[in-house]
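# Coordinates in review
In case you want the letters, here they are:
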Amino acid sequence: MSEKINQKIAPTVAEPPEGVSGQGFFATSIEKAVGLARKNSLWPLPFATSCCGIEFMATMASHYDLARFGSERLSFSPRQSDLLMVMGTVAKKMGPVLREIYIQMAEPKWVIAVGACAASGGIFDTYSVLQGIDRVIPVDVYVPGCPPRPEQIIDGIIKIQELAGNESLRRRHSKEYEDLMKQYNME
Ligand code: SF4
């Protein structure tokens, strides 16, 4: 026990992006520097409607500790978050609410569909359940499982980190992105 207490824990340092380094300096592009900041400070908005939300609670708790990824600051306000995490069964009646939340989030923003229900309606192939949230909002990463384990949710967040870290600063103004938004009747 005392050995454990005396053990020094090395701080986790984010990997630097590609660049040029020498004695006392490091240079990289502004795009990569912004990407580094974005990927290590994602602020999730948990939209949890059922059981998958419980797995997310475990992901946030001390054992899995999402703070290691810079994402411990949850936001229940769409205007102060950049990662929408949809976890659980989404009824068709909730579709417009989810869409409104997505629209209120500031750019750049990313979306994870956590679990089979959010991704495809899961086992609830019924008249009242949305058969996948990508019917109302664009999704960046799908996490499979019913429910997915916290490791899988973390894997999804790492995938989002890769997207955020490598995203071009121009992407949100590109024709491709405009077309994607038009598909969802969003400007
Ligand atoms: S995917 Fe499974 S665990 Fe997750 S909300 Fe649906 S039924 Fe519940």
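Residues numbered from 1 in each chain as written. Predicted model: local features only at pLDDT ≥ 70, side-chain atom pairs only at ≥ 80, totals over all residues. Heavy atoms only, no water.

### Structural notes on the overall build of the chain
Test applied: Under the DSSP-based scheme used, a helix requires at least four consecutive residues in state H or I and a strand at least two consecutive residues in state E, with every element numbered from the N terminus. Each residue is placed in one exposure class: buried if its accessible area under a 1.4 Å probe, protein chains only, is under 20% of its type's maximum, exposed if it is over 50%, and partly exposed if it falls in between. Contact between two residues is taken to exist if any of their heavy atoms lie within 4.5 Å; hydrogens are not considered. A 1.4 Å probe and the Shrake-Rupley method give the accessible areas. Residues count as covered only by the protein chains that appear here. Residues counted as positive are Lys and Arg, residues counted as negative are Asp and Glu, and His and the chain ends are not counted. By convention, the point assigned to a charge is CZ for Arg, NZ for Lys, CD for Glu and CG for Asp.
On a plain count of helices and strands, the chain comes out with seven helices and six strands. When the helices and strands of the chain are placed in sequence order, the string is α-β-β-α-β-α-β-α-β-α-β-α-α. Reported as C-alpha extents along the three principal axes, the dimensions of the chain are approximately 60 × 50 × 25 Å. Residue burial in the chain is summarised as follows: out of 187 residues, 37% are buried. Within the chain, residue pairs in contact and separated by at least 24 positions form 73% of the contacts whose partners lie at least 6 positions apart. Roughly 11,300 Å² of accessible area belongs to the chain as shown, and the carbon and sulfur atoms make up 57% of that amount. Within the chain, one finds 20 positive and 21 negative side-chain charges whose respective centroids are separated by 3 Å.

### Looking at the side chain of Thr59
Topologically, Thr59 is positioned in helix α3 (residues 52–60). The exposure class of Thr59 is buried, given its relative accessible area of 0%. With residues up to four places along the chain from it excluded, the contact list for Thr59 reads Tyr64, Asp65, Leu66, Pro150, Ile153 and Ile154.

### Focus on the site of the ligand
Filter applied, for reference: Nearness of a residue to a molecule or strand requires only that one of the residue's heavy atoms be within 4 Å of it. In this count, Pro and Cys sit with the nonpolar residues alongside Ala, Val, Leu, Ile, Met, Phe, Trp and Tyr, while Asp, Glu, Lys and Arg are called charged and the others, Gly among them, polar.
Close contacts around the ligand come from Ser50, Cys51, Cys52, Gly88, Thr89, Ala116, Cys117, Phe124, Gly145, Cys146 and Pro147, and that covers them all. In terms of residue class, the shell around the ligand is built from seven nonpolar, four polar and no charged.

### A word on the pairing of strand β5 (residues 110–114)
We count it as follows: Here, a strand pair is defined by DSSP locating no fewer than two bridges between the strands. Handedness is read with the strands pointing away from the viewer; a crossover is right-handed when the path from the first strand over the helix to the second is clockwise.
Burial within β5 is extensive, with five of its five residues counted as buried. Every second residue of β5 is oriented toward a common face, with Trp110, Ile112 and Val114 on one face and Val111 and Ala113 on the other, all of them buried. Bridge count between strand β4 (residues 83–87) and β5: five bridges; the pairing is parallel. From the neighbouring strand, Leu83 faces β5, where its bridge partner is Trp110. What joins β4 to β5 is helix α4 (residues 95–104), and the crossover it makes is right-handed. Across three bridges, β5 lies against strand β6 (residues 141–143) in parallel orientation.

Geometric values such as these leave the question of function open.
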